[in-house]
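Secondary and tertiary structure notes
So the chains spell out like this:
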Amino acid sequence: MAYESTDGGTGTGGGAEPGTSDSLRTFGAVVQALREHAGLTREEFGALVGYSKHTVASVEQGRRMADRDFVERAEPVLGDTGALRKAAPHLSRQAGLASWFQQWARLEAQAVTLWTYECRVIPGLLQTERYARAVTKSVPPVKDEEQVTKQVAARLERQQLFERRPPIAFSFIIEQALVERGTGGPDVTRELLDSLLERSSRFNIELQIMPRYQPDHSGFDGPLMLLESLDNKWFSYAEGQRGGMLISNPKEVSIMLQRYARLRSQALNSEDSRSLLKQLRGAQ
């Protein structure tokens, strides 16, 4: 499947208007109709495809994007019509995520490797709920409580990637200033530091801190994200104030890979990064 550049605004930060979730609801309605036609309850269907009845309900109600395993396991149980396989590539709307970020979110859900460098805000995948709310409220235009809740919920929903099996290999590089900024206040910062320490202790998550003093820095062009797909193709994503670009051209992706490799060598290693986070936590 080919992906081209998109434009819009921030996905991991807090700014832009969310897209609709019509395609998720439509896909979920098809799953439900086929399940009921097969005479299966959600619990019975879930047992056959290896998912809980709650996950089945989330997919049917359009609250969760079905991953590839769900589709492949569901097809033979629901008659092997091919309807779900044909519909799945068109799932590009995730409630609460900006429209330009949805393509990336769909790729992200199927990734085997996911790397992120951030210099503006803690990456969405590492945010706590209170930190996410603080970020979302901080960035104009002013949002009402419903908008804030929807965007925060979408960001936290992405964190289910940490529980995926087989696991994704994660790498995060974040600037030291991001955890020292105090976004949301001292309590939010302490909670964030505790969460970062917990996440970074997991076997498949590497977290590196870019120190304040680093004269040789390869991230001056801004944040970047990279992922490796199931078929071992690499994609990149970059954002600005009101725009995002998904990059599939191999030569351009190669440049991003080179930059990330340099950033890894310039940042503190994982052990030293955890030590710094513990020092910052003790100072709170």
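As a starting point, this report considers the structure included with it. (Residues numbered from 1 in each chain as written. Predicted model: local features only at pLDDT ≥ 70, side-chain atom pairs only at ≥ 80, totals over all residues. Heavy atoms only, no water.)

Turning our eyes to something else, we now look at the packing of helix α7 (residues 129-138) against helix α8 (residues 145-157). Put simply, α7 and α8 touch, their axes get as near as 9 Å, and they point 130° apart. It follows that α7 is oblique to α8 by the angle criterion. Where α7 crosses over α8, the two elements pack in a sense that is right-handed. Across the interface between the two elements, Glu129, Ala132, Arg133, Val135, Thr136 and Lys137 from α7 touch Glu145, Val148, Thr149, Gln151, Val152, Arg155 and Leu156 from α8. (Axes fitted to C-alpha atoms, helices over the stretch in contact; angles between N-to-C directions. Helix = DSSP H or I, 4+ residues; strand = E, 2+ residues; numbered from the N terminus. Parallel < 35°, antiparallel > 145°, perpendicular 65-115°, else oblique. Left-handed = near helix turned anticlockwise from the far one by under 90°. Contact = heavy atoms within 4.5 Å.)

Here the focus is the packing of aromatic side chains. One pass over the structure, following the stated rule, counts eight aromatic pairs. Centre to centre, the rings of Phe162 and Phe170 are 4.7 Å apart; their planes meet at 50°, and the pair counts as tilted. Each member of the pair Phe162 and Phe170 is classed as buried. Each ring, one from Phe170 and one from Phe172, has its centre 6.0 Å from the other, and the planes form 5°; the classification is stacked. With a relative accessible area of 3%, Phe170 lands in the buried category. Accessibility expressed as a relative area gives 0% for Phe172, which makes it buried. Following the ring pairs from residue to residue traces out a cluster consisting of Phe45, Tyr51 and Phe70. One Lys or Arg, Arg264, reaches over the ring of Trp115 and ends 4.6 Å from the middle of that ring. (Phe/Tyr/Trp six-rings, centres within 6.5 Å; stacked < 30°, edge-to-face > 60°. Buried < 20%, exposed > 50% of the residue type's maximum accessible area, 1.4 Å probe, protein only. Lys NZ or Arg CZ within 6 Å of the ring centre and 35° of its normal.)

In the structure shown here, the tally under the stated rule is 18 salt bridges. For Arg42, the salt bridge goes to Glu60, with nearest N and O atoms at 2.7 Å. In this pair, Arg42 sits in helix α2 (residues 42-49) while Glu60 sits in helix α3 (residues 53-60), placing the two residues 18 residues apart along the sequence. By relative accessible area, Glu60 is classed as buried at 4%. In this structure, the salt-bridge partner of Asp187 is Arg190, at a minimum N-O distance of 2.1 Å. Linking Asp187 with Arg190, this pair stays in helix α10 (residues 186-200), spanning three residues, or about one helical turn. Judged by relative accessible area, which is 23%, Arg190 ranks as partly exposed. The network of salt bridges with common partners includes Arg35, Glu36, Arg42 and Glu60. (Salt bridge = Lys/Arg side-chain N within 4 Å of Asp/Glu carboxyl O.)

With that settled, consider the environment of Pro166. Position of Pro166 among the secondary structure elements: in the loop between α8 and β2 (169-175). Residue classification places Pro166 among the exposed positions, given a relative accessible area of 57%.

To continue, consider unusual backbone geometry. The residue after Pro140, namely Pro141, is reached through a cis peptide bond having omega 5°. Position of Pro141 among the secondary structure elements: in the loop between α7 and α8. Positive phi outside glycine occurs at Asp80, with the angle close to 55°. Counting through the fold element by element, Asp80 comes out in the loop between α4 (68-77) and α5 (83-87). In this structure Asp80 comes out as partly exposed when scored by relative accessible area, which is 46%. Positive phi is not limited to glycine here, since Asn232 has a value of about 65°.

This brings us to the packing of α2 against α4. The N-to-C vectors of α2 and α4 enclose an angle of 115°; their axes lie 9 Å apart at closest approach. Taken as axis vectors, α2 and α4 run roughly perpendicular relative to one another. You can see that α2 and α4 cross each other, and the crossing is right-handed. Contact residues: α2 offers Phe45, Leu48 and Val49, while α4 offers Phe70, Arg73, Ala74 and Val77. Residue composition of the contact of α2 with α4, grouped by class: six nonpolar, no polar and one charged. (Nonpolar A, V, L, I, M, F, W, Y, C, P; charged D, E, K, R; others polar.)

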